[in-house]
There are 2 protein chains.
Amino acid sequence: MATLKDIGAELGLSPATVSRALNGFPEVNSETRERVREAADRLGYRPNRVAQRLVTGRSGMVGMILRMRPDMREDPTLFDMLTGLSAALSLRDVDLVLAVDQETDPVAAYERMLSRSLVDGFILAAPEPDDPRIAYLQAHDLPFVVHGRHAFQADYPFYDIDNRKLARDSVALLTSLGHRRIGFVNGEAELTYAQDRLREFRVAMAAAGAPVEDSLISHGRLTESHGYASALAMLSRPEGLRPTAILCSGTMLAKGVYRAAHDLAIAIPQALSVVAHDDIWPGLEADRFDPPLTTTAKSMRAACDPLADLLIQRIAGAAPAGLRHIEEADFFLRESTGPAPPREGDARR
Amino acid sequence: MATLKDIGAELGLSPATVSRALNGFPEVNSETRERVREAADRLGYRPNRVAQRLVTGRSGMVGMILRMRPDMREDPTLFDMLTGLSAALSLRDVDLVLAVDQETDPVAAYERMLSRSLVDGFILAAPEPDDPRIAYLQAHDLPFVVHGRHAFQADYPFYDIDNRKLARDSVALLTSLGHRRIGFVNGEAELTYAQDRLREFRVAMAAAGAPVEDSLISHGRLTESHGYASALAMLSRPEGLRPTAILCSGTMLAKGVYRAAHDLAIAIPQALSVVAHDDIWPGLEADRFDPPLTTTAKSMRAACDPLADLLIQRIAGAAPAGLRHIEEADFFLRESTGPAPPREGDARR
DNA sequence: CTGAAAGCGCTTACAG
DNA sequence: CTGAAAGCGCTTACAG
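Everything quoted here is computed from the prediction, not taken from an experiment. (Residues numbered from 1 in each chain as written. Chains lettered and ligands numbered in written order. Predicted model: local features only at pLDDT ≥ 70, side-chain atom pairs only at ≥ 80, totals over all residues. Heavy atoms only, no water.)

A short note on the interface of chain B and chain A
The test is simple: Residue contacts are counted whenever heavy atoms from the two residues lie within 4.5 Å of one another. Just to be clear on terms, a salt bridge is a Lys or Arg side-chain nitrogen sitting within 4 Å of an Asp or Glu carboxyl oxygen. Polar contacts, as counted here, are pairs of nitrogen or oxygen atoms within 3.5 Å of one another; within protein the pair requires one atom able to donate a hydrogen and one able to accept it, and residues that are adjacent in sequence qualify only if both atoms are side-chain atoms. Think of it this way: any DSSP run of H or I at least four residues long counts as a helix, any run of E at least two long counts as a strand, and we number them from the N terminus. Residues were grouped as follows: Ala, Val, Leu, Ile, Met, Phe, Trp, Tyr, Cys and Pro as nonpolar; Asp, Glu, Lys and Arg as charged; and all remaining residues, including Gly, as polar. In this scheme, strands are said to pair when DSSP sees at least two bridges between them.
Contacts between the two partners involve 39 residues from chain B and, on the opposite side, 39 residues from chain A. Connecting chain B to chain A are 0 salt bridges. One can count 6 residue pairs in polar contact (both at pLDDT 80 or more) joining chain B with chain A. With 9 residues, the single largest contributor to the side of chain B that touches chain A is helix α5 (residues 76-91) of chain B. Its residues assigned to classes, the side of chain B that touches chain A comprises 22 nonpolar, 7 polar and 10 charged. Relative to strand β2 (residues 95-101) of chain B, strand β2 (residues 95-101) of chain A runs antiparallel, the two being bridged by 3 bridges. When the bridges of β2(B) are listed, V97(A) appears paired with V97(B).

Side note on the sheet that holds strand β12 (residues 330-332) of chain A
Residues and elements named next belong to chain A. Stated precisely, the cut-off is as follows: Here an angle of 0 to 180 degrees is reported between the N-to-C directions of two axes, which are lines fitted to C-alpha atoms, with helices fitted over the stretch in contact.
As summarised here, the arrangement of the 6 strands in space is β7-β6-β8-β9-β10-β12, forming an open sheet in which the pairing is mixed. On the outer flanks of this sheet lie β7 (217-219) and β12, each paired with one strand and no other. Each neighbouring strand pair of the sheet contributes to a mean axis angle of 15°, computed without reference to strand direction. Across 3 bridges, strand β6 (residues 182-186) lies against β7 in parallel orientation. When the bridges of β7 are listed, F184 appears paired with I217.

Focus: the pattern of salt bridges
As a reminder of what qualifies: When accessible area is computed with a 1.4 Å probe and restricted to protein chains, residues below 20% of their type maximum are described as buried, those above 50% as exposed, and intermediate ones as partly exposed.
Per the stated rule, a full pass over the model turns up 46 salt bridges over all chains. The residue D141(B) makes a salt bridge to R314(B) at a minimum N-O spacing of 3.6 Å. Of the two residues, D141(B) sits in the loop between α7 (132-139) and β4 (144-147) while R314(B) sits in helix α12 (residues 301-315), which places them 173 residues apart along the sequence. Judged by relative accessible area, D141(B) falls into the exposed class, the value being 57%. The exposure class of R314(B) is buried, given its relative accessible area of 13%. Because the salt bridges share partners, they merge into one network encompassing E10(A), E38(A) and R42(A).

Some remarks on the packing of aromatic side chains
Operational definition: Only centres within 6.5 Å qualify two rings of Phe, Tyr or Trp (six-membered ring in Trp) as a pair; their planes then separate them into stacked at under 30 degrees, edge-to-face at over 60, and tilted for everything else.
With the rule as written, the count across this model stands at 10 aromatic pairs over all chains. Between the aromatic rings of F144(A) and Y156(A), the centroid separation amounts to 5.7 Å while the plane-to-plane angle is 35°, which identifies the pairing as tilted. With F144(A) in strand β4 (residues 144-147) and Y156(A) in the loop between β4 and β5 (158-161), the pair connects residues that are 12 residues apart, well separated along the chain. For the residue pair F144(A) and Y156(A), the accessibility class agrees, reading buried in each case. On the basis of an interplanar angle of 65° and a centroid distance of 4.9 Å, the ring pair of Y110(B) and F122(B) is categorised as edge-to-face. With Y110(B) in helix α6 (residues 108-117) and F122(B) in strand β3 (residues 121-125), this pair connects stretches of sequence that are 12 residues apart. Judged by its relative accessible area of 1%, F122(B) falls in the buried class.

Things to note about the protein's contact with DNA strand C
As a reminder, the rule being used: Residues are labelled near a given molecule or strand when at least one of their non-hydrogen atoms is within 4 Å of it.
In the vicinity of DNA strand C lie 27 residues, with L4(A), S19(A), Y45(A), R20(B) and T32(B) positioned nearest. Across the atoms of DNA strand C situated within 4 Å of the protein, the share located in sugar and phosphate is 68%. Take S14(B): an N or O atom from its main chain is 3.0 Å from a phosphate oxygen of DNA strand C. Residue T17(B) places a side-chain N or O atom 2.7 Å away from a phosphate oxygen belonging to DNA strand C. Those elements that place two or more of their residues in the surface near DNA strand C are α2 (15-22) and α4 (49-56) of chain A together with α2 (15-22) and α4 (49-56) of chain B. The element contributing the most residues to the surface near DNA strand C is α4(A), with 4 residues.

Take a look at the structure:
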């Protein structure tokens, strides 16, 4: 492998000048620069990254540590994110180092990777409120970006979708169709996005003058079984107490809701409207529902380029506070939503 | 961060001695070694891997390049493998660098990672016959291990399950139950494991005196839809030409076969026996089938430790030829297999 | 058993 | 505009 010294020898230049020419330093004579470039090409020169790293302190690698969960395999979004991020980083000449966290101490895996790989920064996903990983990285002044934030007002770089807006939009759609008793099958209560959506759900319901019943709100993983169990409980209530619409925080949940409605012979959208947020491949999944599912949607994929850019800026020295990217979800009106069914309650109104 | 120099200064030793003490060189005075260890601990010393790499030429990282396929997300095995490998490598103090390959030239991604990351070696999955990636890595004398081999007699390090044996065992079970017309829904025809299984399928069928009909053999991706389509075609044949048993190369395929049998009102196992190979979580999936699915099984997870060990040995300089690990699949007899149904053909025999 | 020295391949003040 | 020198933090012949 050719080195800077080799190129210098070839051209009668010092390695220092070759380095400057190749790295675009302005003071280099443009003719010299051309000769250097030509020779570098000819000799197939590739900078030795390790040597560069030793002197610059940068590694050109970023780490991502996955927390192992038994039901990870059911969740395709994580995989999308991994491949999407890897591709986005590749384009920017950065490598992704992957590790899995299997220990009780969530910070240990970060310490280990840091001591081993000299990654320049990290990408975190699924933060929790008071996330110890974030506290650790901030305390050590290590660059990182977060997919989703762990607080509405986050003071670190993050990418997030506008969770409040999508909750607001969904509720607005349903209330405008006349629904007043609306169930909400949400994600895990500890996660920020779920809290944000719930909060705005309450605000939007109040704005529409619709009551919120705690028994029509459920939290859990974004799985079909949680959707099914939640919907079954809500829909088994006596006629008149039963929701006429259900909002779901994920399409898998909606799948469970559909199944529960089917089992109870409740027709969608005639007797039950369903809206969900779709973070997988907008449309692809939802279109296959019968009837096609109305969604707010933004794919995981959309996060990858912004995340890569934010992290690279942060590593380059940008202050963490300003680095944020909030993406609005799109609305896809399909056939799972319709006017609220007439019932006694309405007559009384 | 403490360096060797710092420890040396602390103890009145040269960095060279500190290095030797920490790296277990035998000539170091054992008392000196103890003092060095104590000081290293106390100062929280962590070797700077980048510096080590610059001089040793080793990076302590290995790469894995995933080929993007549209239906990757449906396939949980890849994710299992990624997390399993990452964990296995972590235990051995090696990091996994991940990239995705989105280009037409399958070798380009390897060249790029090599020029950027100085990984010590690679892990390949799903090799094809005459795989250009393998040719490239061999030509450049780069260490790698392969999950599955691209030729029965491979001259590089690999982990594989014994595909011939599992085909042989499956056929033996079915023929011993009296089945003679056996369908085979296999993986993609280009892949070596599929070829190995098919080859042994033919051998085992011949050994049992059962005819092999080409129209009862189908190749494709390990998806439910391929299983369904294949089984539908086989089972729609007139009574007497229809298979009484189907062997599947994956549990997703078997799921499709079950669905086709259900749609055609063909009872399992009374009218149709089904056996599949299960490479996910042996048992977990198959047990949920109705009736529970008879399988040969070995999880992807089982491959991870052997793959990590083989690669590390190869990087350390072991000759490639001897490095192999062939794992036999286990047999799980469940309720999807039963005696062949009596029919005219049998009466005539 | 330990130290001084050279070197891995680069970058970057400091001179000129 | 270019070069000589120092240095990033380690390892490892070579001396002693």
